[in-house]
Amino acid sequence: RKSTTKGNGKDLATDGQQPTVRVHSPVGPQKVLVAATIERWIAQLTSDLNYDELLIFFLTYRTYISAVDLCHLLICRFHWALGQPSSKQDEMVRRIVRVRTFVALRYWLLTFFAIDFMPNRELRLLLASWLNTLKRDPILLKHSDATVSFSTRLSSYAKNSDSDYFPFRAQYGN
């Protein structure tokens, strides 16, 4: 790993994978993602659980990608994590990605429903369709972790968010 020091307390490090900056803070050096494709950024967000990174991502992603395209990428990431593992290590990685992708989707729904989902019927329909299909997908039965309840819980979050903004729809079923 090569490292070059810049005069402001940050190190620029490259290892051929992704450019990062190590920021020295009172708790020690921290890695910060500097550049990535949108797919790589989503892979990073769904591999490490960091709510600050999630917030930054969901505040800025609109500059790079549409909400519908982002939803498709998160769905693809979740389905990748449902795939057949090649080893015990791969099984653990996929389980972590499933949970963290669920966390990212839940965070997006709960925090940015009014911004992204309310004005975008296509996005709401895409998510609802996927969740309804996922509930009936036999691949979920192959997983002994909480994966089976993810679609039910996400559906519940979506319905609750929707009823907060459309109280008459929840009351009268419109």
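Up top is the structure these notes are about.
Described below are features of the structure shown in this document. Each chain has its residues counted from 1, following the order in which its sequence is written. Where totals are concerned, whole chains, interfaces and linings use all residues; where local detail is concerned, this predicted model gives features only for residues with pLDDT of at least 70, and gives and counts side-chain atom pairs only at 80 or more. To get the side-chain values, take all heavy atoms of the structure and skip hydrogens and water.

### A few points about the overall build of the protein chain
Here comes step 1: Numbering of helices and strands runs from the N terminus, with a helix taken as a DSSP run of H or I at least four residues long and a strand as a DSSP run of E at least two residues long. Regarding its fold elements, the protein chain presents seven helices and four strands.
Here comes step 2: If you list the helices and strands of the protein chain from N to C, you get β-β-β-β-α-α-α-α-α-α-α.
Here comes step 3: Residue burial in the protein chain is summarised as follows: out of 174 residues, 35% are buried.
Here comes step 4: It only takes one pair of heavy atoms within 4.5 Å for two residues to be counted as in contact. Here the contacts in the protein chain between residues at least 6 apart in sequence split such that 51% fall between residues at least 24 apart.
Here comes step 5: Values of accessible area rely on a 1.4 Å probe in the Shrake-Rupley scheme; residue burial ignores everything except the protein chains shown. For the protein chain, the computed accessible surface area is about 10500 Å², with 56% contributed by carbon and sulfur atoms. For each residue, the accessible area found with a 1.4 Å probe, counting protein chains only, is set against the maximum for its type, and the residue is called buried under 20%, exposed over 50%, and partly exposed in between.

### Some thoughts on the packing of aromatic side chains
Here comes step 1: Two rings from Phe, Tyr or Trp (for Trp, the six-membered ring) form a pair when their centres sit within 6.5 Å of each other. Planes less than 30 degrees apart are called stacked, planes more than 60 degrees apart edge-to-face, and all others tilted. Enumeration over the complete set of coordinates arrives at 14 aromatic pairs.
Here comes step 2: Summarising the aromatic geometry, the rings of Trp41 and Phe57 are spaced 4.8 Å apart at their centres and angled 90° between planes, so their arrangement reads as edge-to-face. Of the two residues, Trp41 is situated in helix α1 (residues 38-45) and Phe57 in helix α2 (residues 51-60); the sequence distance between them amounts to 16 residues. By the burial criterion, Trp41 is buried, and Phe57 matches it.
Here comes step 3: Pairing Phe78 with Trp130 gives two aromatic rings, centres 5.6 Å apart and planes at 85°, and the pair type is edge-to-face. With a gap of 52 residues between them, Phe78 in helix α3 (residues 67-82) and Trp130 in helix α5 (residues 121-135) connect regions that are remote in the sequence. You'll find Phe78 and Trp130 in the same group, each marked buried.
Here comes step 4: Among the aromatic residues, those joined into a cluster by ring pairs are Trp41, Tyr51, Phe57, Phe58, Tyr61, Tyr64, Tyr107, Trp108, Phe112, Phe113 and Phe117.
Here comes step 5: Put simply, a charge is over a ring when the Lys NZ or the Arg CZ is close to the ring centre, within 6 Å, and near the line of the ring normal, within 35 degrees. When the ring centre of Trp80 is taken as reference, the NZ or CZ atom of Arg94 above it lies at 4.2 Å.

### Side note on α3
One full turn of an α-helix is made of 3.6 residues, so residues set three or four places apart face in the same direction.
Here comes step 1: How far a helix is expected to stretch is found by multiplying one less than its residue total by 1.5 Å. Helix length check: α3 (16 residues) gives 23 Å between terminal C-alpha atoms against 22 Å at 1.5 Å per residue, within 8%.
Here comes step 2: Taken as a whole, α3 has its buried residues at Ala67, Val68, Leu70, Cys71, Leu74, Ile75, Arg77, Phe78, Ala81 and Leu82.

### A word on the nonpolar core
Here comes step 1: Nonpolar core, defined: a set of buried Ala, Val, Leu, Ile, Met, Phe, Trp, Tyr and Cys residues in which side-chain atoms within 4.5 Å join the residues together. In terms of nonpolar packing, the biggest core is built from 37 residues, with Phe57, Phe58, Tyr61, Leu70, Trp108 and Trp130 touching the most fellow members.
Here comes step 2: The element best represented in this core is helix α4 (residues 88-117), accounting for ten residues.
Here comes step 3: Ignoring any residue separated from it by four or fewer positions in sequence, one finds Phe57 in contact with Ile38, Trp41, Ile42, Leu45 and Leu70.

### Remarks on the environment of Cys71
Here comes step 1: Note on placement: Cys71 falls in helix α3.
Here comes step 2: The exposure class of Cys71 is buried, given its relative accessible area of 0%.
Here comes step 3: Placed 55 residues apart in sequence, Cys71 and Leu126 show a C-alpha to C-alpha distance of 7.9 Å.
Here comes step 4: Once residues within four sequence positions are removed from consideration, Cys71 is found in contact with Trp108, Leu123, Leu126 and Leu127.

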